[in-house]
Amino acid sequence: MTSTPTSSTPAKTSRRLLALGLGAAFAVLGGALPASAQSTGSAGSTTAAVPSAVIGAGYTGSAREAADNKAFFEAVLTSVAKKQAANPGLRSVTVYYNASQAPSFRSQISSAASVWNSSVSNVKLQSTSGGADFSYYEGNDSRGSYASTNGHGSGYIFLDYAQNRQYDSVRVAAHETGHVLGLPDHYSGPCSELMSGGGPGTSCTNRYPNATERSRVNQLWANGLAKALDKLNKVR
């Protein structure tokens, strides 16, 4: 994969450490994305990256990271619920993603979506070139892959070139996508746990969520979507 020049980071964008390498953290939904989304400078950053040694020691993520992950999941859930409410005849819950801004990783992103689609039944991931519930971007960042969030549930998944050469790239994409589906980081977990991210080291190539992770996502999208739809109906 070839690298691209690094530009400045959008102001007011908070960073959270991601599960792989020196990542920061993630998200994005619906609205307009900053033109500099391929970049990863430190301007405007409010959360410092945690050293990889800390991850190896069992770093599990801060309370702020957990809150941001939850906010992003709920925002995606609400976006999907609006589509579901407008089309009550839909038989399956679908989350749409746009990978057009991460052309170097289209194959890995597609594989990650296939991993999740074969692992869970209550929600499916579908590529689109139009309006999406979240998007992927690519570029260079010394901290690795992350999801950028403004603290209100919106942002985008960013895939770092160097980190994706160091770690199994499909695992990176699948892990990040796990956040969109509602799963938190758990760096101290074993390689068999997808959300352990980079904790088990670069030799870990498992790309699949374990039984607990699969069950949790199915539960979140069965119960969570029902609650989101109920909330939308009440405000109409």
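In the block above lies the structure referred to throughout.
Note that this is a predicted model, so its numbers are computed, not measured.

Asks: Before we move on, could you go through the packing of helix α2 (residues 63-86) against helix α6 (residues 211-234) and cite the residues and values that matter?
Replies: At a minimum axis separation of 9 Å, α2 and α6 run at an interaxial angle of 65°. Between α2 and α6, the angle is such that the two are roughly perpendicular. Regarding α2 and α6, the two cross each other, and that crossing is right-handed. Only Leu220, Trp221, Gly224, Leu225, Ala228, Leu229 and Leu232 of α6 make contact with α2, whose side of the interface consists of Phe73, Val76, Leu77, Thr78, Val80, Ala81, Lys82, Gln84 and Ala85. Tallied by class, the residues present in the contact of α2 with α6 amount to twelve nonpolar, three polar and one charged.

Asks: Run through the side chain of Gln84, naming residues and quoting values.
Replies: One can find Gln84 in helix α2. Relative accessible area serves as the criterion here: at 12%, Gln84 is assigned to the buried category. Not counting residues up to four positions away in its chain, the partners in contact with Gln84 are Leu90, Ser92, Val93, Leu225 and Leu229.

Asks: Explain the state of the cysteines to me, and be specific about the residues and the numbers.
Replies: As enumerated under the stated definition, the model contains one disulfide in all. The disulfide that involves Cys191 links it to Cys204, with 2.0 Å between the sulfurs. Residues Cys191 and Cys204 are joined through a disulfide that is right-handed, its torsion about the S-S bond being 90°. In this pair, Cys191 sits in the loop between α5 (169-180) and α6 while Cys204 sits in the loop between α5 and α6, placing the two residues 13 residues apart along the sequence. Taking relative accessible area as the criterion, Cys204 reaches 3% and is therefore assigned buried.

Asks: Describe in detail the pattern of salt bridges, supporting the description with residues and values.
Replies: One pass over the structure, following the stated rule, counts four salt bridges. As a salt-bridge pair, Lys70 and Glu74 come within 2.4 Å of each other at their nearest N and O atoms. On the criterion of helical spacing, the pair formed by Lys70 and Glu74 is a turn pair, its members being four residues apart in helix α2. For Lys83, the salt bridge identified is with Asp133, shortest N-O distance 2.6 Å. Within this pair, whereas Lys83 is found in helix α2, its partner Asp133 is found in the loop between β3 (124-127) and β4 (134-139), the two being separated by 50 residues in sequence. You can call Lys83 partly exposed: its relative accessible area is 31%.

Cut-offs used in this document
- Residues numbered from 1 in each chain as written.
- Predicted model: local features only at pLDDT ≥ 70, side-chain atom pairs only at ≥ 80, totals over all residues.
- Heavy atoms only, no water.
- Axes fitted to C-alpha atoms, helices over the stretch in contact; angles between N-to-C directions.
- Helix = DSSP H or I, 4+ residues; strand = E, 2+ residues; numbered from the N terminus.
- Parallel < 35°, antiparallel > 145°, perpendicular 65-115°, else oblique.
- Left-handed = near helix turned anticlockwise from the far one by under 90°.
- Contact = heavy atoms within 4.5 Å.
- Nonpolar A, V, L, I, M, F, W, Y, C, P; charged D, E, K, R; others polar.
- Buried < 20%, exposed > 50% of the residue type's maximum accessible area, 1.4 Å probe, protein only.
- Disulfide = S-S within 2.5 Å.
- Salt bridge = Lys/Arg side-chain N within 4 Å of Asp/Glu carboxyl O.

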